[in-house]
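Architecture and fold: a report
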Amino acid sequence: KMDDDDDAIPQLSSHTLAALQEFYLEQQQREGMKTSQGFNQYSIGSIEEDWQLSQFWYSDETASCLANEVVVAAGKGGRIACVSAPSVYQKLKEQDGKDFSVCILEYDRRFSVYGEEFIFYDYNHPLNLPENLLPHSFDIVIADPPYLSEECLKKTAETIKYLTKGKILLCTGAIMEEQAAKHLGVKICKFIPKHSRNLANEFRCYVNYASGLD
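Quick look at the structure, then. Predicted model only: the values in this text are computed from it and were never measured. (Residues numbered from 1 in each chain as written. Predicted model: local features only at pLDDT ≥ 70, side-chain atom pairs only at ≥ 80, totals over all residues. Heavy atoms only, no water.)

Core analysis: the largest hydrophobic core is formed by 31 residues, its most contacted members being Leu66, Ile80, Cys82, Leu92 and Leu169. Those elements giving two or more residues to this core turn out to be α2 (60-74), β1 (78-83), α3 (86-95), β2 (100-106), β4 (138-143), β5 (164-173) and β7 (203-207). If you tally residues by element for this core, the top one is α2, at six residues. Ranked by size, the runner-up nonpolar core spans 24 residues in total, among them Ala81, Phe138, Val141 and Leu170. (Core = buried A, V, L, I, M, F, W, Y, C linked by side-chain atoms within 4.5 Å. Buried < 20%, exposed > 50% of the residue type's maximum accessible area, 1.4 Å probe, protein only. Helix = DSSP H or I, 4+ residues; strand = E, 2+ residues; numbered from the N terminus.)

As structure tokens, this is what we get:
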């Protein structure tokens, strides 16, 4: 006869159970906030980070700084493209600006809740874009490639160069400085972007125009 213990269902420790309960409670509270009247669908964190997609949202301060920078750079009535930079898009929409238009190019289809401004984007197919996204039709492109690899940067650079009339604001790791200059002709800024969670890699901004980030 087999020992009954062989078939025993593994039990979670009380500590693990408590942690799980706390996690689910927090999620429920967040969902509750989302359905309450005062919920802002554009607030950073309203769509949670998916680490498997290498998503790390900017801190509120950084997102505001970058949003303000692209609005100034785009000029009155300017068009802004956010490539893999959803927290900047959200901050721009929070501003409810009448003097600019913006769209978000993003792999994560959860952002399709933003309607017509959402454009599905996979950096592996950098020019697989809708026909109505005309070349050189954006006054500035802000991009944050999801991975710190030259392949990812090179392919995202194709998209950026296709979309922009000239101005580029790139956010990526400090280790990518040489590749950023090579593929996009951008230079590192003094401004240091922060994320809502601390990342192991130092992050920097790069531009190809006279910006307010220095």
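On to the sheet that holds β7, then. Here seven strands make up an open sheet; going across it, the order is β3-β2-β1-β4-β5-β7-β6 and the pairing mixed. Single-partner strands in this sheet number two, and they are β3 (118-120) and β6 (187-188). Here two bridges tie β6 to β7, and the two strands are oriented antiparallel to one another. Residue pairing across strands places Ile188 opposite Tyr206, the latter belonging to β7. Most of the contacts of α2 go to β4, to which it runs at about 160°, and overall it touches β1, β2, β4, β5 and β7. Across the sheet, helix α4 (residues 150-163) lies against β1, β2, β4 and β5, angled at about 155° from β5, the strand it touches most. (Pairing = 2+ DSSP bridges. Contact = heavy atoms within 4.5 Å. Axes fitted to C-alpha atoms, helices over the stretch in contact; angles between N-to-C directions.)

On inspection of all chains with the given rule, the structure shows four aromatic pairs. Seen from their ring centres, Tyr89 and Tyr114 are 5.3 Å apart, and the 45° between their planes marks the pair as tilted. You can see Tyr89 sitting in helix α3 and its partner Tyr114 sitting in the loop between β2 and β3, a full 25 residues away along the chain. Judged by relative accessible area, which is 7%, Tyr114 ranks as buried. On the basis of an interplanar angle of 40° and a centroid distance of 5.5 Å, the ring pair of Tyr107 and Phe120 is categorised as tilted. Pair noted here: Tyr107 is in the loop between β2 and β3 and Phe120 is in strand β3, with a separation of 13 residues, a long-range link. Its end group placed over the ring of Phe120, Arg109 keeps NZ or CZ at 3.8 Å from the ring centre. (Phe/Tyr/Trp six-rings, centres within 6.5 Å; stacked < 30°, edge-to-face > 60°. Lys NZ or Arg CZ within 6 Å of the ring centre and 35° of its normal.)

Glancing now at the packing of α4 against helix α5 (residues 177-184). Packed helices, taken two at a time, are described by the angle their axes make and the gap between the axes. In contact at an axis separation of 10 Å, α4 and α5 are set at 35° when each is read in the N-to-C sense. Remark: the crossing between α4 and α5 carries right-handed chirality. Here Glu150, Leu153, Lys154, Ala157, Ile160 and Lys161 of α4 lie close against α5, whose contacting residues are Gln179, Ala180, Lys182, His183 and Leu184. (Left-handed = near helix turned anticlockwise from the far one by under 90°.)

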